[in-house]
There are 2 protein chains.
Amino acid sequence: MNAAELPSWRETATTRSILEFVDAVTTAGSPDFVPEADRVAVFDNDGTLSSEMPMYTQLAFALVRAAELGKPTTVEELKAGGLGLVLELLQLTHGSVTTDEFAEAVRAWVAVAAHPVTGAPYPEMVFQPMVELVGALEVNGFDCWIFSGGGTDFMRAWAPTVFGVAPHRMIGSVGKIEFEDDGDDGPRLLKGSELVTLDDGPQKAISIHQYIGQRPILAAGNTDGDLQMLEWTAAGPHRSLQLAIHHTDAVREVAYDVDPLLGAGTDKLLDAAAAGAWSVVDMAADWATIFGGAGA
Amino acid sequence: MNAAELPSWRETATTRSILEFVDAVTTAGSPDFVPEADRVAVFDNDGTLSSEMPMYTQLAFALVRAAELGKPTTVEELKAGGLGLVLELLQLTHGSVTTDEFAEAVRAWVAVAAHPVTGAPYPEMVFQPMVELVGALEVNGFDCWIFSGGGTDFMRAWAPTVFGVAPHRMIGSVGKIEFEDDGDDGPRLLKGSELVTLDDGPQKAISIHQYIGQRPILAAGNTDGDLQMLEWTAAGPHRSLQLAIHHTDAVREVAYDVDPLLGAGTDKLLDAAAAGAWSVVDMAADWATIFGGAGA
């Protein structure tokens, strides 16, 4: 892979480690060569591919939708209520609609929503260097997948064109769905309010097995909830690359180690990165550009 | 699509309906044109892509493995015990191993197992016309997926090369998996004995939403357990094709309407096919060849 394929990455040791890895696994005859069918890469979404500050994009949608549904909730209430209240909010705002209606509601919101800090549309609050990396990996024969703690249905409604990743390669948390057929105008899938799978921590490794059935050779994440995904990738039979995205840029994004809303930390991830010689992406140092669009 | 792409299909009305459909959705400018990204096809496995007689391939494996584990079970006991005993047998023979160990056990069995009627290896007990159809659809820009009542892990261990379908596009029933990491030689995924999802009936439509996130435009099945998958496909926004595979050939395979082991019927599927003008594949009439290999 040529540095020109990653124009938003500075010429640092981290960037060189990515370029060298891709060359090693894609060059026929290399001792680390990996056939195309085995070139699977997995990425966390919030905080890894896109900004999760000041809150997950999905929560911003949920707050607007809750207000529309007559149950307004403030950010302060969410912070005080923690994960329990967040799940309650998601159940309220993501259930009792058909899958088609939900996708339409998400798209309608994304079309008009503005990021509270930059004022940019949410599709422009994604990390340009990571969009370039996903694209360059695909060009080099990789299949890129997203494994997010966020909802599968939420991501698929707006993000496939943003990241250039097909809907089936966007996996996240999953709620209960019922098949309904009243015999009139064809069957419908109704979203319930029960959470079936929270795609975080060890579940990300399990989901990778369930949805892909192959061991990735590249994994990128930014919190302790991504640790097992990176560990699972590191223990595979091929040479592999682990990227820990470290939020170090207080000027162009936000410098933080602990998610202020849900408290997801980075201690374990960064410790594992140091112990396993994983690449830590220092956003301030390694990225020439963070947001490519109006978010800059 | 040219008839030459389906050499094992006779020149019948059914075959013509397939050729005409593929032409209509793949020809630019056609009123029924479907962009490549939306060309998704879904297939049941047992009885649709491969023979399920005298019993599901996975059950044949389970019986051998149960005997190895010291719990021999006969086919007569299975018939008497029904689905309950089948699930018990699957839990015994599919649990308490790592995902890697299980895949290895399946591959080791497939490498030596012989079909009880034909003596052929199981990878040759697949329907040659359907293998051709899957391949021809892929050539015509379709992504083909398998949604089976059988186990995801079982199918992925041996079937991807047989059908030319990547592991992540083989979806079936799923059992509980635990992530284990004792800190020594990397994490492992341990298969438990609890069934999480039985991928049959309405669940097939739900699984299609969960794993693909797009509405298929072609669906093929052979029992009432595939009905909702075909209904869900038929109700999509694009023109679509539904294929009901009817086991009518007593000479070259088995003529049956009800699965003798688990009792899965075909009444509802065939009624829906008649009502919805779905294509019914009459195996005796429509297929020049049923098994391409030693199963013939």
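Rules used throughout
- Residues numbered from 1 in each chain as written.
- Chains lettered and ligands numbered in written order.
- Predicted model: local features only at pLDDT ≥ 70, side-chain atom pairs only at ≥ 80, totals over all residues.
- Heavy atoms only, no water.
- Helix = DSSP H or I, 4+ residues; strand = E, 2+ residues; numbered from the N terminus.
- Expected span 1.5 Å × (residues − 1).
- Buried < 20%, exposed > 50% of the residue type's maximum accessible area, 1.4 Å probe, protein only.
- Arc of directions from axis to C-beta.
- Core = buried A, V, L, I, M, F, W, Y, C linked by side-chain atoms within 4.5 Å.
- Contact = heavy atoms within 4.5 Å.
- Buried area = accessible area lost by both parts, 1.4 Å probe.
- Salt bridge = Lys/Arg side-chain N within 4 Å of Asp/Glu carboxyl O.
- Polar contact = N/O pair within 3.5 Å; in protein donor to acceptor, adjacent residues only side chain to side chain.
- Least-squares fit on C-alpha atoms with pLDDT ≥ 70 in both.
- Pairing = 2+ DSSP bridges.
- Phe/Tyr/Trp six-rings, centres within 6.5 Å; stacked < 30°, edge-to-face > 60°.
- Lys NZ or Arg CZ within 6 Å of the ring centre and 35° of its normal.
- Right-handed = clockwise from strand over helix to strand, strands pointing away.
- pLDDT = per-residue confidence, 0-100.
- Axes fitted to C-alpha atoms, helices over the stretch in contact; angles between N-to-C directions.
- Parallel < 35°, antiparallel > 145°, perpendicular 65-115°, else oblique.
- Nonpolar A, V, L, I, M, F, W, Y, C, P; charged D, E, K, R; others polar.

### With respect to helix H4 (residues 99-112) of chain A
Residues and elements named next belong to chain A.
Line of reasoning, step 1. Over its 14 residues, H4 runs 21 Å from end to end, which matches the ideal 20 Å to within 8%, given 1.5 Å per residue.
Line of reasoning, step 2. Among all positions of H4, only Thr-99, Phe-102, Ala-103, Ala-105, Val-106, Trp-109 and Val-110 are buried. On an axial view of H4, the arc spanned by its buried residues comes to 160°, and they lie on one face. H4 presents Ala-111 and Val-112 as exposed residues on the side facing more than 90 degrees away from its buried surface.

### Observations regarding the nonpolar core
Line of reasoning, step 1. Formed by 64 residues in total, the largest nonpolar core has its most connected members in A:Phe43, A:Met130, A:Leu133, A:Leu137, A:Phe142, A:Phe163 and A:Trp287.
Line of reasoning, step 2. When sequence neighbours within four positions are dropped, the list of residues in contact with A:Met130 reads A:Trp9, A:Phe43, A:Thr48, A:Leu49, A:Ala220, A:Ile245 and A:Trp287.
Line of reasoning, step 3. Judged by nonpolar contacts, the second largest core, of 63 residues, contains B:Ala62, B:Leu78, B:Val110 and B:Met170.

### Here's the deal with the interface of chain B and chain A
Line of reasoning, step 1. Residue-level contacts link 31 residues of chain B with 31 residues of chain A.
Line of reasoning, step 2. Both sides together, the interface formed by chain B and chain A hides about 2600 Å², and carbon and sulfur atoms give 64% of it.
Line of reasoning, step 3. If you sort the residues of chain B by the area they bury against chain A, B:His168, B:Phe179 and B:His209 come out on top, with a joint share of 22%.
Line of reasoning, step 4. Connecting chain B to chain A are 2 salt bridges.
Line of reasoning, step 5. Across the salt bridge formed by A:Arg215 and B:Asp100, the nearest N and O atoms sit 3.5 Å from each other.
Line of reasoning, step 6. At the boundary of chain B and chain A, one finds 11 residue pairs in polar contact (both at pLDDT 80 or more).
Line of reasoning, step 7. Those elements that provide at least two residues to the side of chain B that touches chain A are helix H4 (99-112), helix H6 (152-158), strand E4 (170-180), strand E5 (188-197), helix H8 (202-211) and helix H9 (227-234) of chain B.

### Regarding the relation of the copies chain B and chain A
One copy of the chain maps onto the other through a rotation about an axis plus a displacement along that axis.
Line of reasoning, step 1. When chain B is fitted to chain A, the residual RMSD is 0.0 Å, and the transformation amounts to a turn of 180° plus an axial shift of 0.0 Å. Interpreted geometrically, this transformation is the action of a two-fold axis. Residue B:Tyr211 of chain B places its C-alpha closer to the rotation axis than any other residue of that unit, at 3.5 Å.
Line of reasoning, step 2. Most of the interface of chain B is mirrored in chain A, where 100% of its interface residues are also at the interface.

### Notes on the sheet that holds strand E2 (residues 97-98) of chain B
Note on sheets: strands pair through backbone hydrogen bonds, and any given pair is parallel or antiparallel.
Residues and elements named next belong to chain B.
Line of reasoning, step 1. One open sheet accounts for 8 strands, arranged E2-E5-E4-E3-E1-E6-E7-E8; its pairing is mixed. Bordering the open sheet on either side are E2 and strand E8 (279-282), each of which pairs with just one other strand.
Line of reasoning, step 2. Here 6 bridges tie E4 to E5, and the two strands are oriented antiparallel to one another. Across the sheet, the residue bridging to Phe-179 is Leu-189, located in E5.

### Focus on the packing of aromatic side chains
Line of reasoning, step 1. Applying the stated rule across the entire model yields 21 aromatic pairs over all chains.
Line of reasoning, step 2. For the pair A:Phe61 and A:Phe102, a centre-to-centre distance of 5.9 Å together with 85° between the ring planes defines the contact as edge-to-face. Here A:Phe61, found in helix H2 (residues 57-68), pairs with A:Phe102, found in helix H4; they are 41 residues apart in sequence, far enough to count as distant.
Line of reasoning, step 3. An angle of 65° between the planes, with centres 6.3 Å apart, marks the rings of B:Phe154 and B:Trp158 as edge-to-face. Of this pair, B:Phe154 and B:Trp158 both sit in helix H6, 4 residues apart, roughly one helical turn.
Line of reasoning, step 4. Judged by its relative accessible area of 3%, B:Phe154 is buried.
Line of reasoning, step 5. By relative accessible area, B:Trp158 is classed as buried at 9%.
Line of reasoning, step 6. Members of the aromatic cluster, connected to one another through ring pairs, are A:Phe61, A:Phe102, A:Trp109, A:Tyr122, A:Phe154 and A:Trp158.
Line of reasoning, step 7. We note A:Lys191 situated over the ring of A:Phe102; from NZ or CZ to the ring centre the distance is 4.6 Å.

### Considerations on the pairing of strand E7 (residues 241-246) of chain A
Remark: a regular strand shows side chains that alternate across the two faces of the sheet.
All names here are of chain A.
Line of reasoning, step 1. For E7, the buried fraction is high: 6 of the 6 residues fall into the buried class.
Line of reasoning, step 2. Going residue by residue along E7, you find Leu-241, Leu-243 and Ile-245 tucked away on one face and Gln-242, Ala-244 and His-246 tucked away on the opposite face as well.
Line of reasoning, step 3. With respect to chirality, the unit in which strand E6 (residues 218-221) leads through helix H9 (residues 227-234) into the neighbouring parallel E7 is right-handed.
Line of reasoning, step 4. Sheet topology places E7 next to strand E8 (residues 279-282); 4 bridges connect them, and they run parallel.

### Comments concerning helix H1 (residues 13-26) of chain B
Count 3.6 residues to each turn of an α-helix, and residues three or four apart come out pointing the same way.
Line of reasoning, step 1. The terminal C-alpha atoms of H1(B) lie 20 Å apart, and with 14 residues this matches the ideal 20 Å at 1.5 Å per residue to within 8%.
Line of reasoning, step 2. Against the buried residues of H1(B) lie helix H5 (128-139), strand E6 (218-221), strand E7 (241-246), E8 and helix H11 (283-286) of chain B.

### Thoughts on the pattern of salt bridges
Line of reasoning, step 1. Enumeration over the complete set of coordinates arrives at 22 salt bridges over all chains.
Line of reasoning, step 2. With a closest N to O distance of 2.6 Å, A:Asp153 and A:Lys191 form a salt bridge. On the criterion of sequence distance, the pair formed by A:Asp153 in helix H6 (residues 152-158) and A:Lys191 in strand E5 (residues 188-197) is long-range, its members being 38 residues apart.
Line of reasoning, step 3. Between B:Glu20 and B:Arg239 there is a salt bridge, with the nearest N and O atoms lying 2.6 Å from each other. Pair noted here: B:Glu20 is in helix H1 and B:Arg239 is in the loop between H9 and E7, with a separation of 219 residues, a long-range link.
Line of reasoning, step 4. In the salt-bridge network here, residues are joined through shared partners; they are A:Glu20, A:Asp32 and A:Arg239.

### Structural notes on the confidence of the model for chain A
Line of reasoning, step 1. For chain A, the average pLDDT comes to 95, and 100% of its residues sit at 70 or higher.
Line of reasoning, step 2. Interface predicted TM-score (ipTM) for the complex: 0.96; the corresponding pTM is 0.97.

### Observations concerning the packing of helix H2 (residues 57-68) of chain B against H4(B)
All names here are of chain B.
Line of reasoning, step 1. Packing of H2 against H4 leaves a shortest axis separation of 11 Å and a crossing angle of 100°. Comparing their axes, H4 and H2 come out roughly perpendicular. Packed against H2, whose contacting residues are Thr-57, Ala-60, Phe-61, Val-64 and Arg-65, the element H4 presents Phe-102, Ala-105, Val-106 and Trp-109 at the interface.
Line of reasoning, step 2. In the contact of H2 with H4, the residues fall into 7 nonpolar, 1 polar and 1 charged.

### What about the side chain of B:Thr57?
Line of reasoning, step 1. Tracing the chain through its elements places B:Thr57 in helix H2.
Line of reasoning, step 2. Once residues within four sequence positions are removed from consideration, B:Thr57 is found in contact with B:Asp46, B:Ser51, B:Trp109, B:Tyr122, B:Phe154 and B:Trp158.

### Notes on the pairing of strand E1 (residues 40-43) of chain A
All names here are of chain A.
Line of reasoning, step 1. In E1, alternate side chains face the same way, and those of Val-40 and Val-42 on one face and Ala-41 and Phe-43 on the other are all buried.
Line of reasoning, step 2. Examined bridge by bridge, E1 and strand E3 (residues 143-151) share 4 bridges and lie parallel to one another. Counterpart to Phe-43 in the pairing with E3 is Ile-146.
Line of reasoning, step 3. Here E1 pairs with E6 via 3 bridges, running parallel. Directly across from Phe-43, in E6, lies its bridge partner Ala-220.

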